[in-house]
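So the chains spell out like this:
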Amino acid sequence: MDEQERLVIRRKILGIALRQARERAGKTIKDCAALLGIPPARYRAYEAGRGDLTLPELEALAWFFQCPLSALLEPDRHVASLSEDGMAEAIPELLTLRHRIIGLILRQARERAGKSLREVATFLGCTPRRIRAYESGERPIPLVELERLCLYLGVSLSDFYDTDSPIGQLVLLLDQVERFRTLSPEVRSFVTSPVNLPYLRLAMRLAELPADRLRHIAEDLLEITL
């Protein structure tokens, strides 16, 4: 994902947080535009993710909505604090963003694999226009087609998983809990024992080291023990 695409997604996410904060505060678009001294169409563009508001404008809106500035600057935390009803209302827009993000990841995977739009379209038995719509997020890609493309492009379906939003984090946590339940009782006991936390942290740090660095550490340990 290039920087321009990140900016587009960032504007969209900020727009969602802005609209939800405004609605919770019982304010109208006209109210907010009047506060900032701008046309309503310009403020509407902010919430649609098509305009660039400034930090002073965001600060003024936070005051107007009586909400923390961090709730607007950190949309993920903001969405996570919503009630169940609020989250349900946010899902349609979150889905739109997810389709766009999946499209961007798909395009990157296609380009890394050196495949053209026409080659991918031929593989799926559709038109290049449809593939382009998938990659732009204008048309959601069916799961069965995404799975086929993962095999074709040499990537994993997990590369497309949502790991950032509150929904994605909850789903990830549930998966982790399920995997934990499949561990043997002895392993579960070891992992959950507070006295073993230093060993677990050490194992995590070692797992992040490159293979050559681990080899040097093992050689040093052998020299010490011999």
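None of the values given here were measured: they were computed from a predicted structure.

(A) How the structure looks around the overall build of the chain. Counting secondary structure elements, the chain contains 14 helices and zero strands. Taken from N to C terminus, the helices and strands of the chain fall in the order α-α-α-α-α-α-α-α-α-α-α-α-α-α. In the chain, which comprises 226 residues, the share counted as buried stands at 32%. For the chain, the exposed surface amounts to about 14,700 Å²; the carbon and sulfur share of it is 58%.

(B) Layout of the environment of T127. Structurally, T127 is set in the loop between α8 (117–124) and α9 (128–136). For the pair T127 and L117, spaced ten residues apart in the sequence, the C-alpha separation amounts to 8.7 Å.

(C) Spatial organisation of the pattern of salt bridges. Going through the model one piece at a time under the given rule, you end up with six salt bridges. The residue R107 makes a salt bridge to E111 at a minimum N-O spacing of 3.6 Å. Of this pair, R107 and E111 both sit in helix α7 (residues 84–112), four residues apart, which is roughly one turn of the helix. Taking the shortest distance from any N to any O, the salt bridge between R110 and E135 comes out at 2.6 Å. Here the residue R110 occupies a position in helix α7, and E135 occupies one in helix α9, the gap between them amounting to 25 residues. Side by side, R110 and E135 carry an identical accessibility label, which is buried.

(D) Looking closely at the packing of aromatic side chains. In total, this model carries four aromatic pairs according to the counting rule given. Centroid distance Y43 to Y46: 6.2 Å. Interplanar angle 70°. Geometry classified as edge-to-face. Taken together, the residues Y43 and Y46, both in helix α3 (residues 40–48) and three residues apart, mark about one turn of the helix. Here the two residues Y43 and Y46 agree in accessibility, since each one is buried. On the basis of an interplanar angle of 10° and a centroid distance of 4.1 Å, the ring pair of F123 and Y152 is categorised as stacked. Pair noted here: F123 is in helix α8 and Y152 is in helix α10 (residues 143–153), with a separation of 29 residues, a long-range link. Residue Y152 is classed as partly exposed on the basis of its relative accessible area, which comes to 24%. These aromatic residues form a ring-pair network of at least three members: W63, F64 and F65. Directly above the ring of F64 sits K27, whose terminal nitrogen or CZ lies 4.5 Å from the centroid.

About the criteria used
- The residue numbers shown here count from 1 along each chain, following its written sequence.
- Reporting in this predicted model follows two pLDDT cut-offs: at least 70 for local features of residues, and 80 or more for side-chain atom pairs to be given and counted; totals over whole chains, interfaces and linings ignore these cut-offs and use all residues.
- Water and hydrogen atoms were dropped before computing side-chain values, which therefore reflect all heavy atoms in the structure.
- Strands here are runs of E lasting at least two residues and helices are runs of H or I lasting at least four, both read from the DSSP assignment and numbered beginning at the N terminus.
- Only protein chains enter the area calculation, which uses a 1.4 Å probe; residues under 20% of their type maximum are buried, those over 50% are exposed, and those in between are partly exposed.
- Accessibility throughout is a Shrake-Rupley quantity obtained with a 1.4 Å probe, and a residue counts as covered only by protein chains that appear here.
- One speaks of a salt bridge when a side-chain nitrogen belonging to Lys or Arg is within 4 Å of a carboxyl oxygen belonging to Asp or Glu.
- Between rings of Phe, Tyr and Trp, where Trp is taken as its six-membered ring, a pair exists when centres lie within 6.5 Å; planes separated by under 30 degrees are stacked, by over 60 edge-to-face, and by other angles tilted.
- The criterion for a charge sitting over a ring is simple: Lys NZ or Arg CZ within 6 Å of the ring centre, and within 35 degrees of the ring normal.

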